[in-house]
Amino acid sequence: MENNKPMTEAEIRANISAKLTRYFGVSLDEATEEQIYKAVALSVKDVLTEKRSVFHNKVKKAHPKKVYYMCMEFLVGRQLRNNLMNLGLADEYRKALASMGVDLDRIFELEPDPGLGNGGLGRLAACFMDSLSSLDYAATGFSILYEYGLFKQRIIDGNQVELPDSWMNEGSSWLVPRTDKAFTVRLGGTVEEKWENGKCSVQYDNYQDVRAVPYDMMISGYDSKAVNALRLWKAVDMTNFNMNLFSQGQYVQAIQETSNAEVISKVLYPSDEHDEGKLLRLTQQYFLVSASLQSIISDHLAAYGTLYNFADKVSIHINDTHPALCVPELMRILMDTYSYSWDAAWSVVTKVMSYTNHTVLPEALEKWNIYLFKLKLPRIYMIVEEINRRFCADLWNMYPGDWDRISRMSIIGYSQVRMANLSVAASHTVNGVSALHSDILKATVFHDYYKAMPYKFTNVTNGIAMRRWLCYSNPGLTALLDDTIGTGYRKDFEQLAGFKAFADDEAVKERLRTIKTDNKLTFSKYYFNKTGRTLDVNSVFDVQVKRMHEYKRQLLNVLKIISLYNEIKANPNGNFTPTTFIFGGKAAPGYYMAKDIIKLIWSLGEEIERDPKAREIIKVVYLEDYNVSTAEVLMPSSDISEQISLAGKEASGTGCMKFMVNGALTLGTLDGANVEMREAVGDENIYIFGLKANEVDDLWKHGYSSLNYYTNSDRLRSTIDRLRGSFAGNNFSHMVNYFLYSHGVADPYMCLADFDSYMNTFNTMIETYHNEDVWTRKSLMNIASAGFFSADRSIREYAENIWHITPVK
């Protein structure tokens, strides 16, 4: 594959047949569909392995600077189709399998989504790994091999039920065990420093050692030489099996003793409502960074035989605060293992670390209770304490007597370790993920840091893996783009701008409409196969799919639907536009308000479905267990993209970009990436409503009263009052208290303040939808203006401005 030599159909058939015989002991005629899928995946993994070996040898000769991307999650999605398309082998495999009586599309459907991520953070990390390989950078991603993922979501009578996501039963074919690269991670116990001859030695007692075993998932690039690795750590208990207990018949206790550590890599984001959950999350984070840093240093020493050039050849990126323990752990390794002085170790750390912030929500800026921290990570706490002492001393020299400022900036304060402050203090560069978000960080969350060290702060607007979300998910639109602007955009998405030349080409716009209709049919079939329920493909598809959270304002969308339902009930013979409202996303297990919102959405949908008149006009769908594979079918079919978070709360968002490049029109606030999307596409091609971020701040300062909005708007009042009743037999009157009478802050995300503006803008969109020529032109302009939001562009900015890495030639 080094010379991109295509495989023949005969070679593919032979390879698949050999895999069936070797791994399953069956012929093609005897094989199950699952065995055929695994054989196909293993044959593609062979191609990746060969290509990775060639690239690895290039890296060894070139000695480039490498980037190591640390993230608690990577929402990679299914791998088979993506790899075949990236490798340019999809057509050959389709033909070869067809000659064997096998449908490749059916094989695609057998692959489970890997349970390695949850939402936008993990999907962004996966997009970035795709671009790093596609652009021929030397990179490694690090995360944990979650055996049961986040959870498998089931909606039963409107209630979210969490089940284990046993994805590895069928999804482990892509993993390469690297038991030769395992490392030991030390937890708990007590620590004592001993100084002799000016050197510090550390004595550990009563600790627990856990084995971190890596499993590599190879990440292919499109039309590139690179195949990089996503290294996933599995926790293995190092306790010897207690044969004595087992022999006494105490089987459960014997097994329990050897499985305590293995809980570390069982579940992504375990509930942290209790101390045990908090300790497990903290343990996961340290397990990830300790194993990863040991791996990075081991590989560096194997390549260079010394650490003197470590800072010149290594860039370590902290993606959100979860891997922030990279900072004290690298200090520990350098000082305790390699006898670095404090100043020498700190110099290395501050040269290699960079940090991306992904949120301005205070509750998402991680803080750890110092007593839990000391209990689980005693040596690391000692180092964090010393980092904080020295940092605060430096701040005192800068701001003598300004205790308030120093208190805000300190890494330890009010019995908590502040992970965001630790990340900013130690990183050479800190970035937000949209222009607005980066400005808000400098003005609010990290304002003190920005005033003290402005040179650290920059912006890199997020991007998406355009090949996956456009070329592979929307073949009809891809064919149209190929026919109109050529294929060069697949490596340079700025070339999508050339599609603007066809904005008034009637034949192109007619074809665009046909593609959208075909995509709606495809999604409707997908939905029917999953649920047995039908969708009206002639209706408007209005979609809001994202993690369930109050700030994302699924509730505002619900209020809109209730208002429309009220209108239909009041005037059943009115002129309404058939609309299908589609929701999807998971609520954290302990986030009960988010679960209530899911139940409200589901109940509203059931209520409407029971109304013979209303169900002809509007339908509400809640997609169970929404994931990457569902998104790949849904986004090309969508008409309206709901991006309606309260201004100033969404860091960026990437779903908005996926909808945009697939021709959906955005209904949104001026928040996150919507700001830059509006600049790219023009005011006339995006539908913006509601308060701006500065207006939100002003309203809070002057005293926000949701009751005033309720009192002054007839439409809003009738909508809120409808919540006093029930939907599908379920009572939601507590939502009225949430909006109007909460003892804390009523309507904390200002749904009522933005309601009338939202409704008016939505109605304007629906009016425009009926003018198909105008709507299609706007859709075309969105597609043509989406090139800036490619992950390739984001990665080039990181590479050139933050990591200072170059492609491997």
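See above for the structure.
Residues numbered from 1 in each chain as written. Predicted model: local features only at pLDDT ≥ 70, side-chain atom pairs only at ≥ 80, totals over all residues. Heavy atoms only, no water.

(A) Spotlight on the overall build of the chain. Across its full length, the chain carries 34 helices and 25 strands. Relative to the compact-globule value of 28 Å for 809 residues, the chain shows a C-alpha radius of gyration of 27 Å, a close match. Dimensions of the chain, computed from the C-alpha atoms along their principal axes, are close to 90 × 75 × 65 Å. Counting every position in the chain, which comprises 809 residues, the buried fraction comes to 59%. Accessible surface computed for the chain: about 31500 Å², of which carbon and sulfur atoms make up 48%. (Helix = DSSP H or I, 4+ residues; strand = E, 2+ residues; numbered from the N terminus. Rg over C-alpha atoms; globule rule 2.2 N^0.38 Å. Buried < 20%, exposed > 50% of the residue type's maximum accessible area, 1.4 Å probe, protein only. Areas by Shrake-Rupley, 256 points an atom, 1.4 Å probe, with all protein chains shown as cover.)

(B) View of the sheet that holds strand S15 (residues 416–418). If you walk across this open sheet you meet the 3 strands as S13-S15-S14, and the pairing is antiparallel. Of all the strands in the sheet, the pair left with one neighbour each is strand S13 (367–369) and strand S14 (412–413). Sheet analysis places S14 next to S15, joined by 2 bridges and oriented antiparallel. From the neighbouring strand, Gly413 faces S15, where its bridge partner is Gln416. (Pairing = 2+ DSSP bridges.)

(C) Inspection of the side chain of Arg513 at higher detail. Among the secondary structure elements, Arg513 is positioned in helix H22 (residues 506–531). Side chain to side chain, Arg513 and Thr776 meet in a polar contact 3.0 Å long. Not counting residues up to four positions away in its chain, the partners in contact with Arg513 are Glu772, Asp773 and Thr776. (Polar contact = N/O pair within 3.5 Å; in protein donor to acceptor, adjacent residues only side chain to side chain. Contact = heavy atoms within 4.5 Å.)

(D) Here's a closer look at the packing of aromatic side chains. Scanning all chains against the criterion turns up 28 aromatic pairs. Taken together, a centroid distance of 6.3 Å and an interplanar angle of 80 degrees make the contact between Tyr69 and Trp803 edge-to-face. A residue pair is termed long-range when its members are at least 10 positions apart, and Tyr69 in strand S1 (residues 66–70) and Trp803 in helix H34 (residues 791–803) qualify at 734 residues. Accessibility expressed as a relative area gives 1% for Tyr69, which makes it buried. Since its relative accessible area comes to 0%, Trp803 is described here as buried. Each ring, one from Phe142 and one from Trp233, has its centre 6.4 Å from the other, and the planes form 5 degrees; the classification is stacked. In this pair, Phe142 sits in strand S2 (residues 139–144) while Trp233 sits in strand S10 (residues 227–237), placing the two residues 91 residues apart along the sequence. The same class applies to Phe142 as to Trp233, namely buried. Cation over ring: Lys520 sits above Phe541, and NZ or CZ is 4.9 Å from the ring centre. (Phe/Tyr/Trp six-rings, centres within 6.5 Å; stacked < 30°, edge-to-face > 60°. Lys NZ or Arg CZ within 6 Å of the ring centre and 35° of its normal.)

(E) Geometry of a nonpolar patch on the surface. Residues Phe241, Met243, Phe246 and Ile255 make up a contiguous nonpolar surface patch of about 380 Å² in total accessible area. Mapped onto the secondary structure, Phe246 falls in helix H8 (residues 243–247). On the basis of relative accessible area, Phe246 is assigned to the partly exposed category, the value being 31%. (Patch = residues over 30% accessible without salt bridge, like charges linked within 9 Å, V, L, I, M, F, W, Y side chains within 5 Å. Salt bridge = Lys/Arg side-chain N within 4 Å of Asp/Glu carboxyl O.)

(F) How the structure looks around the pattern of salt bridges. Applying the stated rule across the entire model yields 52 salt bridges. We note a salt bridge from Arg186 to Asp209, for which the minimum N-O separation is 3.0 Å. Highlighted residues: Arg186 in strand S6 (residues 183–187) and Asp209 in strand S9 (residues 208–220), separated in sequence by 23 residues. Taking relative accessible area as the criterion, Arg186 reaches 32% and is therefore assigned partly exposed. Here Arg405 ties to Asp402 by a salt bridge, and the two come within 3.0 Å at their closest N and O atoms.

(G) Highlighting the pairing of S6. Here S6 shows a clear split, with Phe183, Val185 and Leu187 buried on one side and none of Thr184 and Arg186 buried on the other. Pairing of S6 with S9, which is carried by 5 bridges, proceeds in the antiparallel orientation. Residue Phe183 lies in a different strand from S9, and its bridge partner there is Ala212.

(H) Spatial organisation of the state of the cysteines. A complete count under the given rule lists 0 disulfides for this structure. Cysteine Cys471 remains unbridged, with the sulfur of Cys127 as its closest cysteine sulfur at 13 Å. For Cys471, a relative accessible area of 5% corresponds to the buried category. (Disulfide = S-S within 2.5 Å.)

(I) Region of interest: helix H27 (residues 674–681). If you check which residues of H27 are buried, you get Asn674, Val675, Glu676, Met677 and Val681. Along its buried surface, H27 packs onto helix H18 (435–443), strand S17 (457–459), strand S21 (640–643), helix H26 (655–661), strand S22 (665–668) and helix H33 (772–784). Just downstream of H27, Gly682 is the residue with a positive phi angle, here 95 degrees.

(J) Structural detail: H34. Along its 13 residues, H34 runs just 16 Å from first to last C-alpha, ending more than 12% under the 18 Å computed at 1.5 Å per residue. For H34, the set of buried residues is Ala791, Asp792, Arg793, Ser794, Ile795, Tyr798, Ala799, Ile802 and Trp803. Measuring from the backbone nitrogen of Asp792 back to the side-chain oxygen at the start of H34 gives 3.0 Å, which picks out Ser790 as the cap. Following H34 by one or two positions, His804 adopts a phi angle in the positive range, close to 55 degrees. (Expected span 1.5 Å × (residues − 1).)

(K) Just the nonpolar core, in detail. In terms of nonpolar packing, the biggest core is built from 206 residues, with Ile316, Leu330, Phe373 and Phe523 touching the most fellow members. Of the residues forming this core, the biggest block, 9 residues, is contributed by helix H10 (residues 275–304). If near-sequence neighbours (up to four positions away) are discounted, Leu330 is found in contact with Leu293, Ile297, Phe310, Ile316, Val349, Val352 and Met353. One finds Ile598, Ala647, Leu667 and Leu740 within the second-largest nonpolar core, a separate group that totals 67 residues. (Core = buried A, V, L, I, M, F, W, Y, C linked by side-chain atoms within 4.5 Å.)

(L) Representation of the sheet that holds strand S23 (residues 687–688). What the 6 strands build is an open sheet, ordered S20-S19-S18-S21-S22-S23; its pairing is parallel. Edge positions in the sheet fall to strand S20 (618–623) and S23, since each of these pairs with one other strand and no more. As judged from the 4 bridges shared by S21 and S22, these two strands associate in the parallel manner. Directly across from Ser641, in S22, lies its bridge partner Thr666. Here helix H32 (residues 751–769) sits on the sheet in contact with strand S18 (540–545), strand S19 (579–584), S21, S22 and S23, set at roughly 165 degrees to S22. (Axes fitted to C-alpha atoms, helices over the stretch in contact; angles between N-to-C directions.)

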